[in-house]
Every structure is written in C-alpha cells, then in structure tokens.
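In case you want the letters, here they are:
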Amino acid sequence: MKNFKISGGMLVFLGALFWSLNAPLIKFIEVDALLVCGFRSVIAGLFLLPFFRPKKLNFGPWMLIYLISYCGLCVGIVLALRQTSAAIAVGMQYASVVWLFLVSVITTKKVEKSRVLPVILITVGVVLFMLTGLDGSSTTGNLIAFTESICFAFMTVGVKKCAGDNVLGLTALANLFTGFFVFVFLPPQFTDVLDFTGQEWIIMIILGTVQVGLGYALYNMGVARTTPQKASIIALWEMILGPTWVAIFLHEYPSLLVLTGFTIIILGIFLDSKADSKTKNQIETT
C-alpha cells in the first residue's frame, strides 16, 4: 500500500468526472451565469487556499499565461453560452486536442502515426456534437467559443510550467484570480444573491468545492504526471459524462447525432489508450 500511486491519467479522469457534475447541478440555479462563475471560483479558491505555498510555485511569464488562460476558459464558456448554443460553447474547448497534437508535432519534429487516427476520430466526434447546436448559434458566440480551445491548451501546458511542487496552490490562485476578474470587470447581478434559497447555496458550495475546486485540482495533478496531449484527450470524458448524468437524473436525453459523436469520441480515446500501451511495451522491451 505504501507504493500505491494514482496514475496521471486516472487523476485527469477523476477531474473530468467532477467537472461533469456541472451539467445537472447548474440546472437548479436560475441566476446570472457570471454570478455563478464568479462565486464558485471564489469558493474554490478559498477551499484550496490552505494549500497555497508561494515559494513552491514557479512565478514568471508562464504563471501569467496560465492565470489568463484559466480565467479565459471559465469566463469564455459563460459568455459563449449567452451568444451561441450550449453544444458549441461546451464542445469547442475540446478542439484543444488538435492544438496540442500540432504543438507536439512541431516541438518534437515527428508524427506518431498511432496518434493520428485517435485525434481525427475525436475531432469528428466533437464536431458532430457541436453540429446539434448550429440552429442556435451566432458568429460572435462561435468566435468566443473558439478562444476556449486555445485557453484550454495554454492552461494545460501552463500547469507543467508553473505549478512547481504546489499544484493545489496554483489551482487556488487561478480561481481567486478568476473570481476577482469576474466581479471587478464583468460585474453580475449581485442582488440575485439575496434571493438564493438554501438549496441554491448548497449547490453553489458543491459547484465551488467539488465541481471546480476538486475538479481542476485533480486535473492539474494529473497533467503534472502525464503529457498535456494525453490529459486533453482523457478530459473529453466530461463531455460524455455530463449528458449522462442529465439523462439519468433529469430524464433529458441526447439526440442520435450526439450519441453518434460520443461513440466516435470513446473509440478515439480507446485507440489512443492502445497506442499508449504499445509505446510503453516498446520502451520496456528495448
């Protein structure tokens, strides 16, 4: 038991699992989305603040890039949801799989053939998912959603660059930064807080501590133990699990097109996992 260690991939999956709770829980809070975004970020930041160790973080240009990317991702989804369909606003961030694959090819100057098909399948699956939201989309909203994928990619790479030995502290700092940005530069309807019911406060606390706090903490811990590209692929489980919880608990079922997209994404994840196993076996036999 002393040698038991959770893999980076499993930590990323657990993070995606907690992220997916947003889909069913957010339906019970009918207030300004920016208010929810700001409050849950502050709650997450305060929840993880006891783990903040400034001396163990790597402050520098990448820290600023990480904070801006994290904040941009959180705020971008909320703003995109106001301007375009939920399918596009949520799904577009996972185009980061393509950006991280391209970055890997450029930096290593080689293409792993076994990775190409999984990336193509995942991209097709994500596109099919987003196609369901074309009717309710807008150019402005789609452009905002597009920035999410760039923010997600930079955020994922940034974890390795600036987390140092204090991943939880980095997550706390990012959430407090996001809460500050939202409340100062995009002030929501604060009067809505006065109308919060006991149930809404409980859900808000769960969103802050579990869905955002633990979700991003686990994801960041996982990224520190695996590659950014691998982490972005495993994170796709959020896209699949969110609608699953909504179907199970709220009896709202995804369309055939969405199910087809999810099936293709799962196939892509499976093939990527097989490619990982093959690479490990080759390393062990050499």
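Look up a bit, the structure's there.
As a starting point, this report considers the structure included with it. (Residues numbered from 1 in each chain as written. Predicted model: local features only at pLDDT ≥ 70, side-chain atom pairs only at ≥ 80, totals over all residues. Heavy atoms only, no water.)

**Overview of unusual backbone geometry**
Next, step 1: One non-glycine residue, Lys 109, lies in the positive phi region at around 60°.
Next, step 2: Structurally, Lys 109 can be placed in the loop between α6 (96-108) and α7 (113-131).
Next, step 3: Positive phi, close to 55°, is recorded for His 251, a residue that is not glycine.
Next, step 4: Mapped onto the elements, His 251 comes out in the loop between α12 (237-250) and α13 (256-285).
Next, step 5: Given the relative accessible area of 55%, His 251 is considered exposed. (Helix = DSSP H or I, 4+ residues; strand = E, 2+ residues; numbered from the N terminus. Buried < 20%, exposed > 50% of the residue type's maximum accessible area, 1.4 Å probe, protein only.)

**Thoughts on α7**
Next, step 1: Given a rise of 1.5 Å per residue, 19 residues ought to cover 27 Å, and the 28 Å separating the end C-alpha atoms of α7 matches this to within 8%.
Next, step 2: Buried within α7 are the following residues: Arg 115, Pro 118, Val 119, Leu 121, Ile 122, Gly 125, Val 126, Leu 128, Phe 129 and Met 130. (Expected span 1.5 Å × (residues − 1).)

**Let's talk about the packing of aromatic side chains**
Next, step 1: For the structure on display, the rule yields 16 aromatic pairs.
Next, step 2: Taken together, the ring pairs in this structure connect Trp 19, Tyr 66, Tyr 70, Tyr 94, Phe 152, Tyr 216 and Tyr 219 into an aromatic cluster. (Phe/Tyr/Trp six-rings, centres within 6.5 Å; stacked < 30°, edge-to-face > 60°.)

**Brief notes about the nonpolar core**
Next, step 1: In terms of nonpolar packing, the biggest core is built from 56 residues, with Tyr 66, Tyr 219 and Leu 236 touching the most fellow members.
Next, step 2: Ranked by the residues each element gives to this core, the list is headed by helix α4 (residues 61-83), at 11 residues.
Next, step 3: Apart from the residues lying within four places of it in its own chain, the contact partners of Tyr 66 are Met 155, Gly 158, Val 159, Cys 162, Leu 170, Ala 174 and Asn 220.
Next, step 4: The next biggest cluster of nonpolar side chains, apart from the first, holds 12 residues, and it includes Val 31, Leu 35, Phe 196 and Met 204. (Core = buried A, V, L, I, M, F, W, Y, C linked by side-chain atoms within 4.5 Å. Contact = heavy atoms within 4.5 Å.)

**Topic: the environment of Ile 122**
Next, step 1: For Ile 122, the location among the structural elements is in helix α7.
Next, step 2: Expressed as a C-alpha distance, the spacing of Ile 122 and Glu 30, which sit 92 residues apart in the sequence, is 33 Å.
Next, step 3: If we ignore the near neighbours within four places in the chain, the residues touching Ile 122 are Val 97, Ile 233, Leu 236, Ile 265, Gly 268 and Ile 269.

**Re the side chain of Thr 226**
Next, step 1: Relative to the elements of secondary structure, Thr 226 occurs in the loop between α10 (198-223) and α11 (228-234).
Next, step 2: Given a relative accessible area of 17%, Thr 226 falls into the buried group.
Next, step 3: When residues no more than four places from it in sequence are discounted, the contact partners of Thr 226 are Gly 8, Val 12, Lys 160 and Ala 231.

**Focus on the environment of Ile 29**
Next, step 1: Position of Ile 29 among the secondary structure elements: in the loop between α2 (22-25) and α3 (33-48).
Next, step 2: Taking relative accessible area as the criterion, Ile 29 reaches 6% and is therefore assigned buried.
Next, step 3: Measuring from C-alpha to C-alpha, the distance between Ile 29 and Gln 199 comes to 8.9 Å, with 170 residues separating the pair along the chain.
Next, step 4: Those residues within four positions of Ile 29 in sequence are excluded, and the remaining contacts are Val 36, Glu 200, Ile 203, Met 204 and Leu 207.

**Focus: the packing of α3 against α10**
Next, step 1: Packing of α3 against α10 leaves a shortest axis separation of 8 Å and a crossing angle of 60°. Between α3 and α10 lies a crossing of right-handed hand. Judged by residue contacts, Val 36, Phe 39, Arg 40, Ile 43, Ala 44, Phe 47 and Leu 48 of α3 engage Trp 201, Met 204, Ile 205, Leu 207, Gly 208, Thr 209, Gln 211, Val 212, Gly 213, Leu 214 and Ala 217 from α10.
Next, step 2: Of the residues assigned to the contact of α3 with α10, the class counts are 13 nonpolar, four polar and one charged. (Axes fitted to C-alpha atoms, helices over the stretch in contact; angles between N-to-C directions. Left-handed = near helix turned anticlockwise from the far one by under 90°. Nonpolar A, V, L, I, M, F, W, Y, C, P; charged D, E, K, R; others polar.)

**Examining a nonpolar patch on the surface**
Next, step 1: Residues Trp 99, Leu 102, Ile 106, Phe 146, Ile 150 and Phe 154 make up a contiguous nonpolar surface patch of roughly 540 Å² in combined accessible area.
Next, step 2: When residues of the nonpolar patch are traced back to their parent elements, those giving at least two are α6 and α8 (139-162).
Next, step 3: Secondary-structure assignment places Phe 154 in helix α8. (Patch = residues over 30% accessible without salt bridge, like charges linked within 9 Å, V, L, I, M, F, W, Y side chains within 5 Å. Areas by Shrake-Rupley, 256 points an atom, 1.4 Å probe, with all protein chains shown as cover. Salt bridge = Lys/Arg side-chain N within 4 Å of Asp/Glu carboxyl O.)

**Details of the side chain of Gln 211**
Next, step 1: The residue Gln 211 is located in helix α10 in this model.
Next, step 2: Note on Gln 211: relative accessible area 5%, which makes it buried.
Next, step 3: Among all residues touching Gln 211, those that are not within four sequence positions of it are Phe 18, Trp 19, Leu 21, Asn 22, Arg 40 and Ile 206.

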